Amino acid sequence: MKAIRRFSVRPVLPESLLPLQELALNLRWSWHPETRELLRSVDPEGWTAAGGDPVRMLSTVSASRLAELAADRGFLRRLGVAAEELRDYLTDDRWYQQEGAELPRCVAYFSPEFGITAALPQYSGGLGILAGDHLKAASDLGVPLIGVGLLYRHGYFRQTLSADGWQQEHYPVLDPHAMPLTLLAEEDGTPVRVALTLPGGRSLGAQIWQARVGRVPLLLLDSSLAENDPAERDVTDRLYGGGSEHRLLQEMLLGIGGVRALRAYCRITGHAEPEVFHMNEGHAGLLGAERIRELGEERGLDFDAALRAVRAGTVFTTHTPVPAGIDRFPEELVARHFGPDAELASLDRDRLLELGREPEGTAAPGGQPPAEGQPRAFNMAALGLRTAQRCNGVSTLHGSVSREMFSGLWPGFDPSEVPIGSITNGVHAPTWTDDAMRDVRAGDMSDTELWELRREMRERLIQEVRERLRVSWRQRGAARAELGWIDDVLDPDVLTLGFARRVPSYKRLTLMLNDRERMKRLLTHAERPVQIIVAGKAHPADEGGKRLIQELVKFADDPRLRTRIVFLPDYGMAMAGFLYSGCDVWLNNPIRPLEACGTSGMKAALNGCLNLSVRDGWWDEWADQDFGWEIPTADGMAAEDPQWRDAVEAAALYGLLEEQVAPCFYDRAGNGGPPPRWMEMVRATIDRLGPKVLAERMVREYVGELYSPAARAHRELDAEAARELAAYVDRVRREWPGVSVDHVDSGEEPPVLGGMVPLRVRVALGGLDPDAVQVQAVTGRVDENDTLADPRVVPLKPLGGADLEGRWTYEGELTLDRSGPFGYTVRILPSHPMLASRAELGLVALPSMDVEQVPEHEAGVLLR
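Residues numbered from 1 in each chain as written. Predicted model: local features only at pLDDT ≥ 70, side-chain atom pairs only at ≥ 80, totals over all residues. Heavy atoms only, no water.

**Student:** Would you take a moment to explain the pattern of salt bridges for this structure?
**Tutor:** Once the charged atoms of two side chains with opposite charge are near each other, the side chains can pair. Using the criterion set out here, one finds 61 salt bridges in the structure. Between Arg311 and Glu840 there is a salt bridge, with the nearest N and O atoms lying 3.0 Å from each other. Remark: Glu840 occurs in the loop between strand E27 (822-830) and strand E28 (852-853) and Arg311 occurs in helix H11 (residues 303-312); sequence separation between them is 529 residues. You'll find Arg311 and Glu840 in the same group, each marked buried. Arg615 is the partner of Glu630 in a salt bridge, and the nearest nitrogen-oxygen pair spans 3.4 Å. In this pair, Glu630 sits in strand E20 (residues 628-631) while Arg615 sits in the loop between strand E19 (610-614) and helix H22 (617-622), placing the two residues 15 residues apart along the sequence. We classify Glu630 as partly exposed; its relative accessible area is 36%. Since its relative accessible area comes to 28%, Arg615 is described here as partly exposed. One network of salt bridges, with partners in common, ties together Arg260, Glu290, Arg293, Glu297 and Glu343. (Salt bridge = Lys/Arg side-chain N within 4 Å of Asp/Glu carboxyl O. Helix = DSSP H or I, 4+ residues; strand = E, 2+ residues; numbered from the N terminus. Buried < 20%, exposed > 50% of the residue type's maximum accessible area, 1.4 Å probe, protein only.)

**Student:** Explanation requested: the packing of H11 against helix H13 (residues 349-356) in the structure shown.
**Tutor:** When two helices pack together, their arrangement is given by the angle between their axes and by how far apart the axes lie. Relative to each other, H11 and H13 sit at 35°, their axes nearing to 11 Å. Viewed along their axes, H11 and H13 form a crossing whose handedness is right-handed. Each of Phe303, Asp304 and Leu307 in H11 lies in contact with H13, whose residues at this interface are Arg351, Leu352 and Leu355. Taken together, the residues that form the contact of H11 with H13 break down as 4 nonpolar, no polar and 2 charged. (Axes fitted to C-alpha atoms, helices over the stretch in contact; angles between N-to-C directions. Left-handed = near helix turned anticlockwise from the far one by under 90°. Contact = heavy atoms within 4.5 Å. Nonpolar A, V, L, I, M, F, W, Y, C, P; charged D, E, K, R; others polar.)

**Student:** Would you mind going over the sheet that holds E19 with me for this structure?
**Tutor:** Strands pair in a sheet through their backbones, by hydrogen bonds, and they do so in one of two ways: parallel or antiparallel. Pairing is parallel across the open sheet formed by 6 strands, whose spatial order is E17-E16-E15-E18-E19-E20. The sheet is open, and its two borders are formed by strand E17 (565-568) and E20, each paired with just one other strand. When the angles between neighbouring strand axes are averaged without regard to direction, this sheet yields 20°. Summarising the sheet, strand E18 (residues 585-588) and E19 pair through 4 bridges and their orientation is parallel. Following the sheet pairing, Val585 is matched in E19 by Leu610. Together, strand E15 (495-500), E18, E19 and E20 form the strand contacts of helix H24 (residues 642-666), whose direction differs from that of E20 by roughly 165°. (Pairing = 2+ DSSP bridges.)

**Student:** When you look at the side chain of Gln531 in this model, what are you seeing that I'm missing?
**Tutor:** In this structure, Gln531 sits in strand E16 (residues 530-535). In terms of polar contacts, Gln531 uses its side chain to reach the backbone carbonyl oxygen of Asp491, at 2.8 Å. Discounting chain neighbours no more than four positions away, the residues touching Gln531 are Ile462, Leu490, Asp491, Val494, Leu495, Thr496, Leu497, Leu523 and Arg564. (Polar contact = N/O pair within 3.5 Å; in protein donor to acceptor, adjacent residues only side chain to side chain.)

**Student:** Quick question: what am I supposed to make of empty space enclosed by the protein here?
**Tutor:** Rolled over the atoms, a probe with the dimensions of a water molecule shows which regions are left empty. A full pass over the atoms with the stated rule returns 5 cavities of 30 Å³ or more. Each pocket or cavity is described by its volume, and for the largest cavity that value is around 90 Å³. For the lining of the largest cavity, the secondary structure elements donating two or more residues are helix H17 (447-475), helix H19 (543-556) and E17. At 3 residues, the largest contribution of residues to the lining of the largest cavity is made by E17. Split into classes, the residues belonging to the lining of the largest cavity amount to 9 nonpolar, no polar and 3 charged. Within this model, the second largest cavity holds a volume of roughly 60 Å³. Lining the second largest cavity are Pro112, Leu150, Tyr152, Leu239, Tyr240, Arg247, Gln250, Glu251, Leu254, His283 and Asp327. For the lining of the second largest cavity, the element with the highest residue contribution is helix H9 (residues 244-269), accounting for 4 residues. Among the residues forming the lining of the second largest cavity, the class breakdown is 6 nonpolar, 2 polar and 3 charged. (1 Å grid on protein atoms, 1.4 Å probe; cavity = no way out; pocket = protein on both sides within 12 Å on 5 of 7 lines; lining within 4 Å. Points joined across faces, edges and corners; volume = space filled by probe spheres on them.)

**Student:** How should H13 be read in this particular structure?
**Tutor:** Spacing of three or four residues puts side chains on the same side of an α-helix, whose turn is 3.6 residues. Within H13, the full set of buried residues consists of Leu352, Leu353, Leu355 and Gly356. What you see down the axis of H13 is that its buried residues fit within an arc of 150°, all on one side. Lining the buried residues of H13 we find helix H10 (287-299), H11, helix H12 (331-336), strand E12 (378-379) and helix H14 (380-386). Capping the start of H13 is the job of one residue whose side-chain oxygen sits 2.9 Å from the backbone nitrogen of Asp350: Asp348. (Arc of directions from axis to C-beta.)

**Student:** How should the packing of helix H1 (residues 18-25) against helix H6 (residues 73-91) be read in this particular structure?
**Tutor:** At a minimum axis distance of 10 Å, the contact between H1 and H6 shows a crossing angle of 45°. Compared by their axis directions, H1 and H6 come out oblique. Where H1 crosses over H6, the handedness of that crossing is left-handed. For the pair formed by H1 and H6, the contact residues are Pro19, Leu20, Glu22 and Leu23 on the first element and Phe75, Leu79, Ala82, Ala83, Leu86 and Arg87 on the second. In the contact of H1 with H6, the residues fall into 8 nonpolar, no polar and 2 charged. (Parallel < 35°, antiparallel > 145°, perpendicular 65-115°, else oblique.)

**Student:** Would you mind going over the side chain of Arg518 with me for this structure?
**Tutor:** Topologically, Arg518 is positioned in helix H18 (residues 516-523). Side-chain polar atoms of Arg518 contact the side chain of Glu658, separated by 2.8 Å. In contact with Arg518, other than residues within four places in its own chain, are Ala651, Tyr654, Gly655 and Glu658.

**Student:** Mind showing me how you'd approach the state of the cysteines here?
**Tutor:** In protein structure, a disulfide is the covalent linkage between the sulfur atoms of two cysteines. Enumeration according to the criterion identifies 0 disulfides in this entry. Take Cys583: it sits in no disulfide, and the sulfur closest to it among the cysteines is that of Cys609, at 5.8 Å. (Disulfide = S-S within 2.5 Å.)

**Student:** Sorry, what's going on with the pairing of strand E9 (residues 276-280) here?
**Tutor:** Two faces, one strand: in a regular strand the side chains alternate between the faces of the sheet. For E9, the buried fraction is high: 5 of the 5 residues fall into the buried class. Residues of E9 alternate between two faces, with Val276, His278 and Asn280 on one and Phe277 and Met279 on the opposite face, all of them buried. Where strand E1 (residues 107-110) lies against E9, 4 bridges are found, and the strand directions are parallel. Within the sheet, the bridge partner assigned to Tyr109 lies in E9 and is His278. Pairing geometry for E9 and strand E10 (residues 314-317), over 4 bridges, is parallel. Among the inter-strand pairings, His278 is bridged to a residue of E10, identified as Val315.

**Student:** What is the right way to read the confidence of the model for the chain from this model?
**Tutor:** Reading fine detail from the predicted coordinates is not recommended where pLDDT is low. Looking at the chain, pLDDT values average 93 and 95% of them are 70 or higher. Residue range residues 852-864 is modelled with pLDDT below 50. Its contacts to residues more than four positions away, or to other chains, number 37 contacts. (pLDDT = per-residue confidence, 0-100.)

This is the structure in structure tokens:
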């Protein structure tokens, strides 16, 4: 029989042991080894059975063991020290508190998933792990940040394999009472509720669970309430599940409900209200709409003024380099959920729809623009970009890809000027560095000591792999008597490659199988064999990804190869730690440039693992021959044919393994000792690459480059300033059709290197005055298509007043500091001190083809 209701019974601890509850409920234990070891010592067997989750472990500790600990003065001393150390960590000034009073008083960080620890399984992959690392690094630095997300009662999914290697999904029920969570409640103990209004007189209510991530509170909204109808109760059932309406309701709850939960938390706890709102991807995009509603109802701002105020204090981070990675909803579905009888009733629904509307010509996930006459989709990334004044990608290359991808939102501007910057992701070293490596600086150990340490970590990984593989084969139906071969799986003295990540097609799980005979030779080489550990989950709806997994599993099932290549199901944070620490080489072979960042190789690097990767994501900017190897990317015709491209890049991968990676690992320099060049690379990876990939570096950059400017703009844009800026934007948009460049004159003298080109321009400004615009010359080298390369902006100054025709004359000088083809153009842009970039409004006036201008000179100056 099945229970009709489940609940968890938490233990009643003796008073002297109450600090155990405090330590267990603050997730700092997940990255603090001393606290973790203390908690484990309460009940080592229970700790293992609970998967290293102290809350679950404490719920099973016997009364006799608790009494024994309460009488153990040595344990109580250790407990007291650990509790006091945690309190100091939570209250002492840290980096942020020493940086000055101009920083934001609070930052709200919204994400659909958070990967903090396996004990709180609310993540599916890189986006969630990055969010978790962001919170942990913010805590360590003292950044006053509040995380906001959803609590999924089934999490993502647990993965097993069928007998023929097909992915099977399982959704275990998660009990929040059995996790390191507490309910947000009023002073009288009443749980706080937030509610959304749905069409047809329905409502969607949610309670708010709190997790403590060191100093950072994380608020998770949960719709599993008895007062909700069954459909609404299941809104937070699972991560990235359901159809369009289900996903829209999740994102309404995250964005709109999340802001309301945040307000309740600050009211109850006295926490400072956020000055900056950070959207980690477009899933939280509707938080901007809720804040527009707040400013309208509470401060009397109209839609345009409220939008300007919201934008000033909002940051948007995009993680996807492809349209298929963006949530898009039919406009009619979105329209049905907003308006007089639904949510955000006080807002102009048409204006709200405009914020998420895709620009003309935007490709759908399949690559085709919408058919003529069909409405464009409501695009959550477009919504995020239009409601945030500061936006970024997650690596230098991804920033460039994002500027191209979203350039349609800023028509008339070259992609290089699209206002999307980049901050390269980082990883939280205390979480991802193995305890054995935590205090290691490569220079403090001899080659032999470091080599032996790396071998010990490899051996631990192999033991973990064998245990997990045995469980997997039992789940696939194998009898125990059939599994003796698992004792010989992998060898602690063999070069070990790791490949673990989500399994969308662009990550190319099976590129290594492109030439199977060559791969078999690599795995079974008599003198320099390679062994590979593979893990990853395909989205439940991704049949193509599941086929890739099955293909890899069937290859690994070959009795001749299965001791050298392994697929481990149910990849998650617990497994990842073993892989990052125990592998020698981390393999990454996506289709360039489709990997936004890809942080798994960073985590491996913290443990002295070398990278073997396509130059994509973070590896594109930090690749170095001392840190690993670059897999060449196919170009020309090969890049246009997927099969040819994969064949070319797979051949390059095999060649690197055969000719460089394996020889480097097995070169014992004639004395049987550690391989000298390999050890040089391990040391360089730990000492030189390690500091670059840290989440602390990343969060400091967010504070300096995005959060601080956003907080200043938020403070400056009070209600009056917001109205003034909105009026300016409205006036500029109305008058812009009358703005034009009418005449360009660059003088008569042929230009020479080191000289000046005097420039005089006549422009029409419609009903605007010169204070509302900036007239610029944009100059630089030109290619064969007259495209400006590395352009430089030269502001031009007005000369006198308007002429009888209402036109203004501007002038300036262009410095000729380079010989060869040289060109310029002239443009007019809106100008206001509260605009964060010259492209912000997406308005630019350029010379038309028939603008009166001086012909180009023989010296090669192109007057464009």
